[in-house]
Amino acid sequence: MKTVDLEHITREYTEKTKAATRRVVICAGTGCVANGSLSVFREFERRLAEAGISASLELAAEDGEEVVHCTPSGCQGFCQMGPLVTIYPDDILYTRVKPADVQAIVSTTILGGEPVESLLYTIPGSSRRCRGAREIPFYQRQQRHVLKACSILNPEDITEYIAQDGYAAARRAYTRLSPATICEEITASGLRGRGGGGFPTGRKWQFALNEDADRKYIICNGDEGDPGAFMDRSLMEGNPHAVLEGMLIAARAIRADQGYIYVRAEYPLAVERLKKAVKAAEAHGILGQGVFGTTQNFSVEVLEGAGA
């Protein structure tokens with residue numbers, strides 16, 4: 001039985017990030033991918049290497065070599081202006097970035113510390129250029145909660161998710177709380193379903209906990225059939241481990257040992273990242289037998305719809 005050490009993973013990840021002078025986040029949500037953001041990502045890796053800069057935390061810096069943490073992210077929201085590239089800690093957001101623009105970003109921003117003015121967002125009807133997301137009206141009107149981490153988190157790196165307190169709530173649920181207490185906490189939180197009916201989540205879990213059954217299941221509905229609705233897709237693509245952690249907590253609450261994520265086949269990127277997340281969670285001993293060293297098991301399978 002493998003028990004994950006969340007604190008050790010966090011320390012290792014934090015130590016690696018200390019070597020990076022900057023972070024380059026390239027939006028890899030469906031909209032930006034369709035506009036060529038993966039080519040932009042590969043061009044960053046190539047141009048940084050040419051400049052003698054390591055583009056990955058996994059590549060150890062030698063002889064004082066500069067390290068830039070270059071990663072994809074989930075959807076950053078401003079799809080009509082993609083591909084989007086954000087530079088931290090400068091908080092510079094570049095819009096409609098093409099592979100041909102990368103050399104200027106590396107030389108002017110990464111090496112020179114100055115923004116590339118032509119790639120900054122310009123407010124329509126004015127000449128005002130916005131240096132970062134906080135200056136852009138589109139973002140100023142938003143207050144993100146569920147999707148908050150999607151714009152910066154690497155959806156394919158479980159260690160980064162863990163370093164941001166990922167799976168800590170699930171571990172607490174399995175090792176410190178009873179199923180009944182979890183249901184009580186969720187009820188007290190006021191959390192409700194987002195499907196339109198607004199049914200209290202804690203009450204739903206309590207009903208399932210009270211049900212006498214040989215086996216119980218957690219079903220995550222990622223089909224999202226409402227026309228023009230993409231919030232589930234954005235979450236599954238941009239923060240798949242948050243989906244798994246939520247399912248883990250729900251499974252503990254109702255004593256389920258099997259979970260299924262039903263995703264429409266028209267969301268291939270969500271399917272791919274969810275499957276990778278499941279494999280990573282299994283490899284780290286988070287999913288499977290004896291969750292967090294307890295006697296409860298929980299496995300997750302990703303199922304694709306037939307198209308509708």
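Every value quoted in this text rests on a predicted model; they were computed, and no experiment measured them.

(A) Broad picture of the state of the cysteines. Scanning the entire structure with this criterion turns up zero disulfides. The closest cysteine sulfur to the non-disulfide-bonded Cys70 is located on Cys27, 13 Å from its own sulfur. Look at Cys70 and you get buried, because its relative accessible area is 7%. Distance from the sulfur of Cys75, which forms no disulfide, to the nearest cysteine sulfur (Cys79) is 3.7 Å.

(B) Quick peek at the side chain of Glu160. Among the secondary structure elements, Glu160 is positioned in helix α6 (residues 158-163). Assessed through its relative accessible area of 3%, Glu160 is described here as buried. Residue contacts for Glu160: discarding those within four places in its chain leaves Tyr13, Arg23, Ile152, Leu153 and Asn154.

(C) View of the sheet that holds strand β9 (residues 299-304). Spatially, the three strands line up as an open sheet ordered β7-β8-β9, and their pairing is parallel. Edge positions in the open sheet fall to β7 (217-222) and β9, since each of these has one partner strand only. Each adjacent strand pair in this sheet contributes to an overall mean axis angle of 20°, direction not counted. As judged from the six bridges shared by strand β8 (residues 258-263) and β9, these two strands associate in the parallel manner. The partner of Tyr262 across the bridge, within β9, is Leu303. Those strands touched by helix α12 (residues 268-283) are β8 and β9, and its axis lies near 165° from that of β9.

(D) Highlighting the nonpolar core. Of all hydrophobic cores here, the largest spans 49 residues; its most connected members are Tyr167, Ile261 and Phe298. At nine residues, helix α11 (residues 240-254) tops the list of elements feeding residues into this core. Not counting the four nearest positions on each side in its chain, Ile261 is found in contact with Cys220, Val243, Leu244, Met247, Leu274, Val300, Glu301, Val302 and Leu303. Listed in part, the 22 residues of the second largest apolar core include Cys70, Ile105, Val106 and Val116.

(E) Fine view of the pattern of salt bridges. Using the criterion set out here, one finds 17 salt bridges in the structure. Measuring nitrogen to oxygen at the nearest pair gives 2.7 Å for the salt bridge that ties Glu7 to Arg171. In this pair, Glu7 is assigned in helix α1 (residues 6-17) and Arg171 in helix α7 (residues 168-175), connecting sequence segments 164 residues apart. Across the pair Glu50 and Arg46 runs a salt bridge, and its minimum N-O distance is 2.9 Å. Of this pair, Glu50 and Arg46 both sit in helix α3 (residues 37-50), four residues apart, which is roughly one turn of the helix. For Arg46, a relative accessible area of 40% gives the class partly exposed. Linked through salt bridges whose partners overlap, the residues forming this network are Glu43, Arg46, Arg47 and Glu50.

(F) Summary view of helix α10 (residues 231-238). In terms of residue burial, α10 counts as a mostly covered element, since six of its eight residues are buried. Residues Arg233, Ser234, Leu235, Met236, Glu237 and Gly238 constitute the buried set of α10.

(G) Representation of unusual backbone geometry in the model. In this model, Gly82 is joined to Pro83 through a cis peptide bond whose omega is -5°. Within the element layout of this structure, Pro83 appears in the loop between β2 (67-73) and β3 (85-88). Put simply, Tyr88 and Pro89 share a cis peptide bond, and its omega is 5°. Position of Pro89 relative to the elements: it lies in the loop between β3 and β4 (92-94). For Asp91, which is not glycine, the phi torsion reads 55° and is therefore positive. Along the chain, Asp91 falls in the loop between β3 and β4.

(H) Broad picture of the packing of aromatic side chains. Evaluation of the coordinates by the stated rule reveals eight aromatic pairs. Between Tyr161 and Tyr167, the ring centres sit 5.2 Å apart and the planes meet at 75°, which makes this aromatic pair edge-to-face. Overall, the relative accessible area of 0% leaves Tyr167 in the buried class. Within the aromatic cluster, the residues linked to one another by ring pairs are Phe78, Tyr121, Phe138 and Tyr139.

Cut-off values and rules
For every chain, the first residue of its written sequence is number 1, and the numbers climb from 1 along that sequence. Reporting of local features is limited, given that this is a predicted model, to residues whose pLDDT is at least 70; pairs of side-chain atoms are given and counted only at 80 or more, and all residues count toward the totals for whole chains, interfaces and linings. Side-chain numbers here rest on the full set of heavy atoms in the structure, without hydrogens or water. In what follows, a disulfide is any cysteine sulfur pair within 2.5 Å. The buried label applies to any residue whose accessible area, calculated with a 1.4 Å probe on protein chains only, is under 20% of its type's maximum; exposed applies above 50%, and partly exposed to all values in between. Secondary structure is summarised from DSSP: a helix means a run of H or I of at least four residues, a strand means a run of E of at least two, and numbering begins at the N terminus for each. In what follows, residue pairs with any heavy atoms lying within 4.5 Å of each other are defined as contacts. The pairing criterion is simple: DSSP has to find at least two bridges between the two strands. Think of each axis as a best-fit line through the C-alpha atoms, taken over the contacting stretch in the case of a helix, with angles from 0 to 180 degrees between the N-to-C directions. Residues belong to one nonpolar core when they are buried, are Ala, Val, Leu, Ile, Met, Phe, Trp, Tyr or Cys, and are joined through side-chain atoms within 4.5 Å. In the sections that follow, a salt bridge refers to a side-chain nitrogen of Lys or Arg positioned within 4 Å of a carboxyl oxygen of Asp or Glu. Think of it this way: a Phe, Tyr or Trp ring, Trp meaning its six-membered ring, pairs with another when their centres are within 6.5 Å, and the plane angle makes it stacked under 30 degrees, edge-to-face over 60, tilted otherwise.

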